[in-house]
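Observations on the model geometry
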Amino acid sequence: LITFARGGIIMSNIFLSTALIKLASDSAGCLESETECNAQVYGFRPTSLITMIAVVSGVLSAFLLPIIGAIVDYTPHRRTVGAFSALFITVVQGVQIWLT
């Protein structure tokens, strides 16, 4: 059943990433230009926004997953961690639905 839910999460992330690139391009003033835009928002170009999100996500996962895995494996909080992660994913998806 977990793979059944992944499709919806992936689809919503595709729509959200498109919206984030459009908003960042709009903030940089790149939507009006027909040529390549080199304007920056918060120190980087709008086209590199999704790449930056992927890098931050990868680094956070590399540091946090061993800690969370140890909590799940060696403490009696397995169900609590599972319930919290399910609630967190549901809330994030609700925010994404509300934004679009």
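So, here's what we can say about the structure. Owing to the predicted nature of the structure, the values given are computational and were not obtained by experimental measurement.

The next subject is the overall build of the chain. Looking only at helices and strands, one finds 3 helices and 0 strands in the chain. Walking the chain from its N terminus toward its C terminus, one meets helices and strands in the order α-α-α. For 100 residues, the compact-globule estimate of 2.2 N^0.38 gives 13 Å, and the chain exceeds it by more than 25% at 18 Å. Seen through its principal axes, the chain has C-alpha atoms that stretch 55 × 25 × 20 Å. When burial is assessed residue by residue, the chain has 13% of its 100 residues classed as buried. Nonlocal contacts in the chain, meaning residues at least 24 apart in sequence, comprise 42% of its contacts between residues at least 6 apart. If you sum the accessible surface of the chain, you get close to 8,200 Å²; carbon and sulfur atoms cover 71% of it. Seen as two clouds, the 5 positive and the 5 negative side-chain charges of the chain have centres 20 Å apart.

Moving on, we come to unusual backbone geometry. Phi at Y42 takes a positive value of approximately 55°, unusual for a residue other than glycine. Inspection of the secondary structure puts Y42 in the loop between helix 1 (2-28) and helix 2 (49-74). By relative accessible area, which is 80% here, Y42 ends up exposed.

Attention now moves to the packing of aromatic side chains. Enumeration over the complete set of coordinates arrives at 1 aromatic pair. Measuring from centroid to centroid gives 6.4 Å for F84 and F88, while their planes differ by 20°, and the two rings are stacked. Taken together, the positions of F84 and F88, both in helix 3 (residues 78-99) and 4 residues apart, correspond to about one turn of that helix. The class for F84 is exposed, based on a relative accessible area of 56%.

Next up on the list: the side chain of S25. Tracing the chain through its elements places S25 in helix 1. Judged by its relative accessible area of 12%, S25 falls in the buried class. Residues within four places of S25 in sequence aside, it is in contact with C30, L31 and P46.

Moving on, we get to helix 2. Because an α-helix completes one turn every 3.6 residues, residues spaced three or four positions apart along the sequence face the same direction. Here helix 2 contains 26 residues, and its C-alpha end-to-end distance of 37 Å stays within 8% of the 38 Å for a straight helix at 1.5 Å per residue. In the structure, helix 2 departs most strongly from a straight axis at L64, where the bend amounts to approximately 35° and where the proline P66 lies between one and four residues downstream.

Mapped onto the elements, I21 comes out in helix 1. In this structure, the C-alpha to C-alpha distance between I21 and L49, residues 28 residues apart in sequence, is 6.7 Å. In contact with I21, not counting residues within four places along its chain, are P46, L49 and I50.

Conventions and cut-offs
Residues numbered from 1 in each chain as written. Predicted model: local features only at pLDDT ≥ 70, side-chain atom pairs only at ≥ 80, totals over all residues. Heavy atoms only, no water. Helix = DSSP H or I, 4+ residues; strand = E, 2+ residues; numbered from the N terminus. Rg over C-alpha atoms; globule rule 2.2 N^0.38 Å. Buried < 20%, exposed > 50% of the residue type's maximum accessible area, 1.4 Å probe, protein only. Contact = heavy atoms within 4.5 Å. Areas by Shrake-Rupley, 256 points an atom, 1.4 Å probe, with all protein chains shown as cover. Lys, Arg positive; Asp, Glu negative; His and termini not counted. Charge placed at Lys NZ, Arg CZ, Asp CG, Glu CD. Phe/Tyr/Trp six-rings, centres within 6.5 Å; stacked < 30°, edge-to-face > 60°. Expected span 1.5 Å × (residues − 1). Bend = angle between axes of the 7 residues up to and from the residue.

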